[in-house]
Amino acid sequence: QVQLVASGGGLVQAGGSLRLSCAASGRTFSNYGMGWFRQAPGKEREFVAAINWSGGNTYYADSVKGRFTISRDNAKNTVWLQMNSLKPEDTAVYSCAADYGRKPVATIREGYDYWGQGTQVTVSS
């Protein structure tokens, strides 16, 4: 079992930045691809970004490409999501998730094995 704890959310003005963190424990972190998803009120959970087990490959939703950056440090068991140029439409609960295996990381929620609790991101206009 992998435990995931997300943090770093908050209230920010449009154009601002936030950095989300997801700390993992319980199993060998480097055996997991990691992803970030978000869910806005009344909407389905959607893919935001993912990074494979080594950090060598990253994937982004079109809506965040060029503004968000996912990264990881396997020695620290942590994955981050740096969010720049935030927009009101980025407002959502952001959750991190773990996809077991040293393989191409999933970009759909069904591909993930473990989920952390969410952290609220609110972008004011």
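Anything mentioned here points back to the structure above.
This is a predicted model, so every value here is computed, not measured.

A. Region of interest: the environment of K103. Note that K103 resides in the loop between β9 (92-100) and β10 (114-115). Overall, the relative accessible area of 36% leaves K103 in the partly exposed class. In sequence terms K103 and G33 are 70 residues apart; their C-alpha atoms lie 7.8 Å from each other. Discounting chain neighbours no more than four positions away, the residues touching K103 are N52 and W53.

B. Spotlight on the nonpolar core. Within the largest apolar cluster, 38 residues are counted, with the highest numbers of intra-cluster contacts made by M34, W36, L81, M83 and Y94. Breaking this core down by element, the ones donating at least two residues are β1 (3-7), β3 (18-25), β4 (32-39), β5 (46-51), β7 (68-73), β8 (78-83), β9 and β11 (119-124). Among residues more than four places away in sequence, those in contact with L81 are L18, R19, L20, W36, V48, A49, F68, T69, I70 and Y94.

C. Highlighting unusual backbone geometry. Here the phi dihedral of N77 falls at roughly 55°; this positive angle occurs in a residue that is not glycine. On the accessibility criterion, N77 (28% relative accessible area) is partly exposed. A positive phi angle, close to 50°, is found at S85, a residue other than glycine. Looking at the element boundaries, S85 is found in the loop between β8 and β9.

D. Geometry of the pattern of salt bridges. Inspection of the entire model under this criterion finds seven salt bridges. As a salt-bridge pair, K65 and D62 come within 3.2 Å of each other at their nearest N and O atoms. Accessibility assignment for this pair places K65 and D62 in one class, exposed.

E. Region of interest: the sheet that holds β7. Pairing within the open sheet is antiparallel, and its four strands lie in the order β1-β3-β8-β7. Every interior strand has two partners, whereas the edge strands, β1 and β7, have only one. Averaged over all pairs of adjacent strands, the angle between strand axes in this sheet comes to 15°, irrespective of strand direction. Here β3 pairs with β8 via six bridges, running antiparallel. Of the residues in β8, the one forming a bridge with A23 is T78.

F. Region of the structure containing the packing of aromatic side chains. A complete count under the given rule lists six aromatic pairs for this structure. Seen in terms of ring centroids, F37 and Y112 are 5.2 Å apart; in terms of plane orientation they differ by 80°. Their pairing is edge-to-face. In this pair, F37 sits in strand β4 while Y112 sits in the loop between β9 and β10, placing the two residues 75 residues apart along the sequence. Of the two residues, F37 and Y112, neither departs from the other in class, the shared state being buried. The structure contains a cluster of three or more aromatic residues connected by ring pairs, namely F37, F47, Y112 and W115. Just above the ring of F29 sits the side chain of R72; from NZ or CZ to the centre is 4.3 Å.

Basis of the calculations
- Residues numbered from 1 in each chain as written.
- Predicted model: local features only at pLDDT ≥ 70, side-chain atom pairs only at ≥ 80, totals over all residues.
- Heavy atoms only, no water.
- Helix = DSSP H or I, 4+ residues; strand = E, 2+ residues; numbered from the N terminus.
- Buried < 20%, exposed > 50% of the residue type's maximum accessible area, 1.4 Å probe, protein only.
- Contact = heavy atoms within 4.5 Å.
- Core = buried A, V, L, I, M, F, W, Y, C linked by side-chain atoms within 4.5 Å.
- Salt bridge = Lys/Arg side-chain N within 4 Å of Asp/Glu carboxyl O.
- Pairing = 2+ DSSP bridges.
- Axes fitted to C-alpha atoms, helices over the stretch in contact; angles between N-to-C directions.
- Phe/Tyr/Trp six-rings, centres within 6.5 Å; stacked < 30°, edge-to-face > 60°.
- Lys NZ or Arg CZ within 6 Å of the ring centre and 35° of its normal.

Structural measurements only, silent on function.
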